[in-house]
Every structure is written in structure tokens, then in C-alpha cells.
Amino acid sequence: MSDTAARIADFIEPLRVAPGSKVRLGRDFDPRYRAGLKKREGVELLRTGVTLLAEYQERLAAQDTYGVLLCLQALDAGGKDGTIRHVMSGVNPQGVKVSSFKVPSTEELDHDYLWRYARRLPSRGEIAIFNRSHYEEVLVVRVHPENLVRQKLPERARGKDVWERRYREINDWERYLTDNGFKVVKVFLNLSKEEQRIRFLKRIDLPEKNWKFSAADVRERRHWDAYQRAFSEMLSATSTPWAPWYVVPADRKWFARICTAAILAHTLMDIDPRYPEVSEEARNDLLAARQELEEEAPSGAAADPYAARTAEAKDEHGAGHGRPAGKKHGRG
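Residues numbered from 1 in each chain as written. Predicted model: local features only at pLDDT ≥ 70, side-chain atom pairs only at ≥ 80, totals over all residues. Heavy atoms only, no water.

If you tally the helices and strands in the protein, you get 15 helices and 5 strands. With respect to the three principal axes, the spread of C-alpha positions in the protein is 80 × 50 × 45 Å. By residue count, 43% of the 332 residues in the protein fall in the buried class. Of the contacts formed within the protein by residues at least 6 apart in sequence, a portion of 79% connects residues at least 24 apart. Side chains of the protein give 56 positive and 50 negative charges; the mean places of these two sets differ by 9 Å. (Helix = DSSP H or I, 4+ residues; strand = E, 2+ residues; numbered from the N terminus. Buried < 20%, exposed > 50% of the residue type's maximum accessible area, 1.4 Å probe, protein only. Contact = heavy atoms within 4.5 Å. Lys, Arg positive; Asp, Glu negative; His and termini not counted. Charge placed at Lys NZ, Arg CZ, Asp CG, Glu CD.)

Okay, helix 12 (residues 224-238) next. When the terminal C-alpha atoms of helix 12 are compared, their 21 Å separation across 15 residues agrees well with the 21 Å that a helix rising 1.5 Å per residue should span. Taken together, the buried positions of helix 12 are Trp224, Tyr227, Gln228, Ala230, Phe231, Ser232, Met234, Leu235, Ser236 and Thr238. (Expected span 1.5 Å × (residues − 1).)

Further remarks concern the sheet that holds strand 4 (residues 182-190). Pairing is parallel in the open sheet, where 5 strands are placed in the order 2-3-1-4-5. Only two strands of the sheet have a single partner each, and these edge strands are strand 2 (96-100) and strand 5 (245-249). Here the average twist between neighbouring strands, direction ignored, is 20°. Pairing of strand 1 (residues 67-74) with strand 3 (residues 127-131) involves 5 bridges; the strand directions are parallel. Paired with leucine 69 across the bridge in strand 3 is alanine 128. Against the sheet, helix 12 engages strand 4 and strand 5, with an angle of about 140° to strand 5. (Pairing = 2+ DSSP bridges. Axes fitted to C-alpha atoms, helices over the stretch in contact; angles between N-to-C directions.)

Moving on, we get to helix 4 (residues 80-87). The set of residues buried in helix 4 consists of Lys80, Gly82, Thr83, Ile84 and Val87. Buried residues along helix 4 sit in contact with helix 3 (39-63), strand 1, strand 2, strand 3, strand 4 and helix 13 (253-271).

What follows covers the packing of helix 9 (residues 162-179) against helix 12. What describes two packed helices is the angle between their axes and the distance between those same axes. Their axes nearest at 10 Å, the elements helix 9 and helix 12 cross at an angle of 45°. Of the possible angle classes, the one that applies to helix 9 and helix 12 is oblique. The chirality of how helix 9 crosses helix 12 is right-handed. Of the residues in helix 12, those touching helix 9 at Tyr167, Asn171 and Glu174 are Glu233, Met234, Ala237 and Thr238. The residue inventory of the contact of helix 9 with helix 12, partitioned by class, reads 3 nonpolar, 2 polar and 2 charged. (Parallel < 35°, antiparallel > 145°, perpendicular 65-115°, else oblique. Left-handed = near helix turned anticlockwise from the far one by under 90°. Nonpolar A, V, L, I, M, F, W, Y, C, P; charged D, E, K, R; others polar.)

This is the structure in C-alpha cells:
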């Protein structure tokens, strides 16, 4: 493991929910934790993370073997949209697709509860982001059991063991995806009740943010304790060796973005995708094409301008190392 990979692994380890552990969200994870970092340090760390993601995403797409699914869960105002926007700011948008899951449609309710999520899974070489995910089926549906009735389940399938059964089914589904080359990354943005209150007020106070506020958000806030219990049970039951949960402190948006970038980068570095090796036949074709293009160079122009600039840059770099110490651009 490289030094960078090791540092990232150490950084995110306190956020990981150990498989098999019993989680009590309010006791075990602090929404204001920031690993001793200051915001100005965080800006540079996020920039580094975004650069890493861009590099590894390009390799992921070129290899075309693995896919990555990032599941983001949070309560309202938890920062999912901003996290996606900042963390994925440097990647090729053609290699990333974001799906937001709202209230199920009539068509979706006519299928099994995982159907609509399976339709949005990534292709090989792609990163898919679920802004809310299949975990809504053991969160919102659990806090509001009337939604379970709307799913048209047979009566025996709505028994008291429904949640344990769904945990098992979700774990099995994620194991199936992982076994077939699709990594599942699960991030819960852990927001405190007070910080949510402040963010709601900001959406009311600032006219440009009014569009983001809904009175339904405040009504949902009344179920805070029920959601905390549902989150705790979900994290306990579905953090697995093949798809562990990470609980990211979300009261500081900048820190939440750093953590999410680090978790995703850790996943991609673990995959370690490589650019495909070109066959001997394809290499010969490249050389023939290069010769043909070089022969078309106008009079006085470099046959291969890119190769010429690269060679020139190498020469300048080598000359720079020959300067006496103490001079401008030198060492010492």
C-alpha cells in the first residue's frame, strides 16, 4: 500500500462501522468531529482528494472492469447535494451518473422494492451516485409504515420480521453486486438536530434559498427520535465486510466533503484500475498511423509537435538540475 493510500485508510477508519457492531448513533458518532483539522487545511485536502478521484476515475473507465456505487444517506439538510457537487467537481461527467430517489411512482410500486434502484446501477467503468438509496426502504418506510401498505405486499410479507428480512435481502444484493465487480460505498452524513434547525432557518431567511425549503421538512423533523433509532439499527444490521457503512460528521460541510472524497478515493485505490495494455498488433498499427501523420507535416513544422514539446520540457528539466545551488529556481 502506498503512503497516500495508507494515510487515507487511517483517516477514514474512525468513520467506519465495524461489521457486526451494535451502533447507537448518538453515543458512537459525533456530528461535529473534525479529526483536529482546521477549515483552511481542509480546503487543500479536498483539492488533493478531487485530483485523486479524477485520476482514478479515468483509469476505472479505461479498464472497464469494475463499477462503483456510492450511496449517500442523510436527513433533510444533511448536505448530500453539496457533497456530490464538490467531491465530483474534477471528474469526467460522462463517467458519473447521479440518481435521486423521490416518492415511488405507480410503476415503481408495481415492482419489488429494489427494482427501481437496480435500474440505476452503474455500468462497468462508471461511478453511480444514489442521492438517497435503497436504504429508504428501511428508513422512511419504517418511520412511516403506511408506505409499506402502498407497496402492495402480500399480508404475510408485512409481518413483524419485515425489517430483518429486508436487511438480509439488501446485504445479499450488495454481496451479489460486489462479487460481480461492482463496489458498494455507503456514506451516512450524520447531522445534529441543532445544525439541522439552523440550516432550515437559513433556507427561510435567505430569499435565494427559499426554494430549497419545504414545510414537509419540519413535519419530518418531528420524527427525529424515530429516525435515529432506524439509522442505528440500519447501520448495525447492514455494515458488512463487503459493503461497510461510513458515518461522516456533517455539521461542518467542508469536513463532510473531505471525508466523502477520502472514502471514495480509498475505494478506487483499492480497486487500483489500470490502463489496458495495447497488443503487439495494435501497437504496430499505432506506429504506422504515426508515420503517416508525421509525413503530412507542413514544411517547417515539427513532424510531431507533442513529442517535440515533451522532449524540450525534459531537456529544460535536466538543465535546471545543473544550476548552482542558491540561484533562482535552484535548491538551498
